[in-house]
2 protein chains.
Amino acid sequence: MPLKNDLILRAARGEKVERTPVWLMRQAGRILPEYRKVRAKMGGFKELVETPEFACEVTIQPVDILGVDAAIIFSDILVIPEAMGLPYQMIEAKGPWFEKTIKTANDIAQLKIATADDLHYVMDAIKLTKSGLNDRVPLIGFAGAPWTIFAYMIEGSGSKTFSQAKKFLYTQPILSHQLLQKITDSTINYLKGQISSGADMLQLFDSWAGVLSPEQYREFALKYISKICDAITEVPLTVFAKDAHFVRKDLGELNCNSIGLDWTMDIAESRELIGNTKTLQGNMDPCLLYADYTHIKQDTIKMLKSFGPQRHIANLGHGLYPDIDKDKVICFVETIKEFRF
Amino acid sequence: MPLKNDLILRAARGEKVERTPVWLMRQAGRILPEYRKVRAKMGGFKELVETPEFACEVTIQPVDILGVDAAIIFSDILVIPEAMGLPYQMIEAKGPWFEKTIKTANDIAQLKIATADDLHYVMDAIKLTKSGLNDRVPLIGFAGAPWTIFAYMIEGSGSKTFSQAKKFLYTQPILSHQLLQKITDSTINYLKGQISSGADMLQLFDSWAGVLSPEQYREFALKYISKICDAITEVPLTVFAKDAHFVRKDLGELNCNSIGLDWTMDIAESRELIGNTKTLQGNMDPCLLYADYTHIKQDTIKMLKSFGPQRHIANLGHGLYPDIDKDKVICFVETIKEFRF
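Conventions and cut-offs
- Just so you know, the residues in each chain are numbered from 1, in the order the chain's sequence is written.
- Lettering for chains starts from A, numbering for ligands starts from 1, and both go in the order in which the items are written.
- Totals for whole chains, interfaces and linings use every residue, but because this is a predicted model, local features are given only for residues with pLDDT of at least 70 and side-chain atom pairs only at 80 or more, for both listing and counting.
- Runs of E in the DSSP output that reach at least two residues are strands. Runs of H or I that reach at least four are helices, and both are numbered from the N terminus.
- Throughout, radius of gyration means the C-alpha value; the globule benchmark is 2.2 Å times the number of residues raised to the power 0.38.
- For the exposure call, what matters is how many other C-beta atoms sit within 10 Å of a residue's own: 20 or more marks it buried, 12 or fewer exposed, and in between partly exposed, using C-beta atoms placed from the backbone.
- Distance between backbone-placed C-beta atoms decides contact: two residues are in contact if it is within 7 Å.
- Residues are sorted three ways: Asp, Glu, Lys and Arg are charged, Ala, Val, Leu, Ile, Met, Phe, Trp, Tyr, Cys and Pro are nonpolar, and all the rest, Gly among them, are polar.
- Confidence of the predictor in every single residue is expressed as pLDDT, which spans 0 to 100.
- Geometry is summarised by axes, namely lines fitted to C-alpha atoms with helices restricted to the contacting stretch, and by angles between N-to-C directions that run from 0 to 180 degrees.
- In these notes the angle categories are as follows: under 35 degrees is roughly parallel, over 145 is roughly antiparallel, 65 to 115 is roughly perpendicular, and the rest is oblique.
- The crossing is said to be left-handed when, going from far helix to near helix, the turn is anticlockwise and less than a right angle, and right-handed when the turn is clockwise.
- Pairing between two strands requires that DSSP report at least two bridges joining them.
- Place the viewer so that the strands point away; then a crossover is right-handed whenever the path from the first strand over the helix to the second strand goes clockwise.
- The least-squares superposition of copies is restricted to C-alpha atoms, and to residues with a pLDDT of at least 70 in both copies.

1. Focus on the overall build of chain A
Now for step 1: Each helix and strand counted, chain A has 15 helices and nine strands in total.
Now for step 2: A compact globule built from 341 residues would reach a C-alpha radius of gyration of about 20 Å, and chain A, at 19 Å, matches this within 12%.
Now for step 3: When the backbone C-alpha atoms are referred to their principal axes, chain A occupies close to 55 × 45 × 40 Å.
Now for step 4: Split into buried and exposed, the 341 residues of chain A put 56% on the buried side.
Now for step 5: Of all intrachain contacts in chain A linking residues separated by at least 6 positions in sequence, the fraction that spans at least 24 positions is 74%.

Here it is as structure tokens:
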């Protein structure tokens, strides 16, 4: 069945849209009481990710409650290292933690290249969600970009600097490339599986892009993102390299449809650097949603005008913060949906 | 007495230098066994900051051991909120923590505007260090930029997003400006005191510049940095706004001598944005110092060539990480000191 609302897909492909489409990173999550209810039934975040029925339920919630133009499958970028052989725990208020990390050539040799079958619970969640959405809006699938996944596999947890992961790049460049290639192969298998299961669009999150120098980013991050872009030809793909202001020109040359911007990136400057062949996604400061309604509306309209009427998918410049008032999110979404150029 | 080595001051003022001068952010610190010895004698980091004899001793250590072209007074940016009425603790492996934070207009009204006398221990440490340095190299004083200090005063600790501090900007803009002005007045008093005590140069650290949108940065951060720049006319001043790639053009218009760059900022692009009237400081990735000696030398020379022979003060793009090998730091310093264009 054709999608009833395919605005985001058309915007990604550079086709004409009647209005700017909108979704929000982390739209399924703690800001919704309905999410917190499902979450409370489960043991924790990971159990939710691994249980297709519930992952499906929370994925669809924001479509109903917030009125966004796309659903994004409820999952985690760290399912890939786990499928490759490094299980992780999600520790409340602390973040992810890996018992085993990568230190040696042998550690890398022992990792398997993940297949879609290894992540069957994500595939099942996508199939269930596609069915549950009933073609109302597109379903976005996603994965972490190889550098970000690599950073967690070396560091074993979050970090302000990811200095141990960077140390590995500086001291073990050959092993680094081996590991990044294994992650890339796994990610391509995973994303292809998501497409087969029904994902209408994909996004790569390079959450820790900003800790690398431009030179290292090109050598160890962009190269593998580029391989993924070349491999994914079936559906539109967005690359979101947070804080990677320094490679916007390079991002414009990727074989993908759209580029995510964070809120520190000037819109006109980014358009100039990235060029006119890409759709831009973003880029409101998530903290704007703490402001009053008038302020939210005003800044949202200003953002829409800066991006212009075509080749823009409205979003935040980062994931929603968990303490944001749901009604403020609805105000942001409604302002975008009501605005006409 | 005139300084025996005034390379950094001349570079800051745009005067001709025979070679590029170098110092490192956090050069006094855990990478030096000599520092760790002094530190072990004290109760902790704060006691060291507050005891002029020992602050002086660790300030001079890197001049002797690393051979850098300047000393920077061993202190902390958070002495200002404390002098204004918000005491803090430095919790091992966690960072700073404030018992009381700013929430209301009354909280702001109760803050005092700090004077140099309130920070007599820093003044004493500067005087002792000036005497101990015996005019070998300049002594750099410093303070946090108002936005960064504000962020800690609201948030009460470090944060990945500083979302509560940003929320305050969005929801309480008038109170925010009041607080920022009080911090600015305190900072000017403090820096003037540092000059009177003997500081030859000053630096403002805006460590959390990167979490703000360009618009908020201009309204709530740059405005107050500019007031400080205008007030400090006696000695050269460097502004280092980490991650504030988006306001490099604006930084070029400040009434200061030099601008710090982090390692994500392309050197040629930064020079173009900032213009030719400023000295640039930086910007090696601190993680390069994990690499082998050949790699360190090669990348350091590449950096020197990118900046060119004049109007550059070599440094890292952030503070030294505590687990870096001292000999690698010496290699970085020596490479710079030996290089001739």
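2. Looking at the interface of chain B and chain A
Now for step 1: Opposite the 22 residues of chain B that make contact, chain A presents 22 residues.
Now for step 2: Looking at the side of chain B that touches chain A, the element that brings in the most residues is helix H9 (residues 163-171) of chain B, giving five residues.
Now for step 3: Here the residues of the side of chain B that touches chain A are counted per class, giving ten nonpolar, eight polar and four charged.

3. Re the environment of A:Ile91
All names here are of chain A.
Now for step 1: Following the sequence through the fold, Ile 91 ends up in strand S2 (residues 88-91).
Now for step 2: Ile 91 gets classed as exposed once you count the C-beta atoms within 10 Å, which come to 12.
Now for step 3: The sequence separation of Ile 91 and Phe 45 amounts to 46 residues, and the corresponding C-alpha distance is 9.0 Å.

4. A closer look at the confidence of the model for chain A
Caution applies to low-pLDDT regions: their predicted coordinates should not be interpreted in detail.
Now for step 1: For chain A, per-residue confidence averages 97 on the pLDDT scale, and 100% of positions sit at 70 or higher.
Now for step 2: With pTM at 0.97, the complex prediction returns an ipTM value of 0.96.

5. Points about the packing of helix H8 (residues 146-155) of chain A against helix H10 (residues 173-197) of chain A
Residues and elements named next belong to chain A.
Now for step 1: Axis separation between H8 and H10 bottoms out at 9 Å; the angle between their running directions is 120°. Here H8 lies oblique to H10, going by the angle between them. The way H8 lies across H10 gives a crossing that is right-handed. Residues Pro 146, Ile 149 and Phe 150 of H8 form the contact with H10, whose own contacting residues are Leu 179, Leu 180, Ile 183, Thr 184 and Thr 187.

6. Comments concerning the sheet that holds strand S4 (residues 139-144) of chain B
Residue and element names in this part refer to chain B.
Now for step 1: With respect to topology, seven strands assemble into an open sheet ordered S1-S4-S5-S6-S7-S8-S9, the strand pairing being parallel. Here the strands that pair on one side only, and so sit at the sheet edges, are strand S1 (71-72) and strand S9 (312-316).
Now for step 2: Here strand S8 (residues 279-284) runs beside S9; their pairing, made up of five bridges, is parallel. Bridging from a neighbouring strand, Gly 282 pairs with Ala 314 of S9.

7. What about the packing of helix H7 (residues 120-133) of chain B against helix H10 (residues 173-197) of chain B?
Residue and element names in this part refer to chain B.
Now for step 1: For the pair H7 and H10, the least separation of the axes is 9 Å and the interaxial angle reads 30°. Looking at the two axes, H7 sits roughly parallel to H10. Read as a crossing pair, H7 and H10 show a hand that is right-handed. Residue-level inspection shows Met 123, Ile 126 and Lys 127 of H7 in contact with H10, the latter providing Gly 193, Gln 194 and Ser 197.
Now for step 2: Split into classes, the residues belonging to the contact of H7 with H10 amount to two nonpolar, three polar and one charged.

8. A look at the sheet that holds strand S8 (residues 279-284) of chain A
Now for step 1: Spatial ordering of the open sheet is given by S1-S4-S5-S6-S7-S8-S9 (chain A), a layout of seven strands whose pairing is parallel. Of all strands in the sheet, those with a lone pairing partner are strand S1 (71-72) and strand S9 (312-316) of chain A, marking the two edges.

9. Notes on the pairing of S9(B)
Residue and element names in this part refer to chain B.
Now for step 1: Most of S9 is tucked away: five of the five residues are buried.
Now for step 2: On S9, burial covers both faces: His 312, Ala 314 and Leu 316 on one face and Ile 313 and Asn 315 on the other are all buried.
Now for step 3: Following the backbone out of S8, through helix H14 (residues 293-307) and into the adjacent parallel S9, one traces a crossover that is right-handed.

10. So, the environment of B:Gln310
Residue and element names in this part refer to chain B.
Now for step 1: Residue placement: Gln 310 occurs in the loop between H14 and S9.
Now for step 2: Measuring from C-alpha to C-alpha, the distance between Gln 310 and Lys 16 comes to 6.5 Å, with 294 residues separating the pair along the chain.
Now for step 3: With sequence-adjacent residues up to four places away left out, Gln 310 is seen in contact with Lys 16 and Val 17.

11. Comments concerning the relation of the copies chain B and chain A
Now for step 1: Overlaying chain B on chain A yields an RMSD of 0.0 Å, the required transformation being a rotation through 180° with an accompanying axial translation of 0.0 Å. Accordingly, the operation relating the two chain copies is best matched by a two-fold axis.
Now for step 2: Of all interface residues in chain B, 100% are interface residues in chain A too; the two copies therefore contact each other through one and the same surface.

12. Structural notes on the pairing of strand S6 (residues 237-241) of chain A
Residues and elements named next belong to chain A.
Now for step 1: Within S6, five of the five residues are buried, which leaves the element mostly enclosed by the surrounding structure.
Now for step 2: Side chains Leu 237, Val 239 and Ala 241 project from S6 onto one buried face, and the interleaved Thr 238 and Phe 240 project onto a second face that is buried too.
Now for step 3: Here five bridges tie strand S5 (residues 201-206) to S6, and the two strands are oriented parallel to one another. Across the sheet, Gln 203 pairs through a bridge with Thr 238, a residue of S6.
Now for step 4: What joins S5 to S6 is helix H11 (residues 214-231), and the crossover it makes is right-handed.

13. As for unusual backbone geometry
Now for step 1: The amide bond that connects A:Gly282 to the next residue, A:Asn283, takes the cis arrangement and shows omega of -5°.
Now for step 2: Here A:Asn283 is to be found in strand S8.
Now for step 3: Residue B:Asp243 is not a glycine yet carries a positive backbone phi of 70°.
Now for step 4: Position of B:Asp243 relative to the elements: it lies in the loop between strand S6 (237-241) and helix H12 (248-251).

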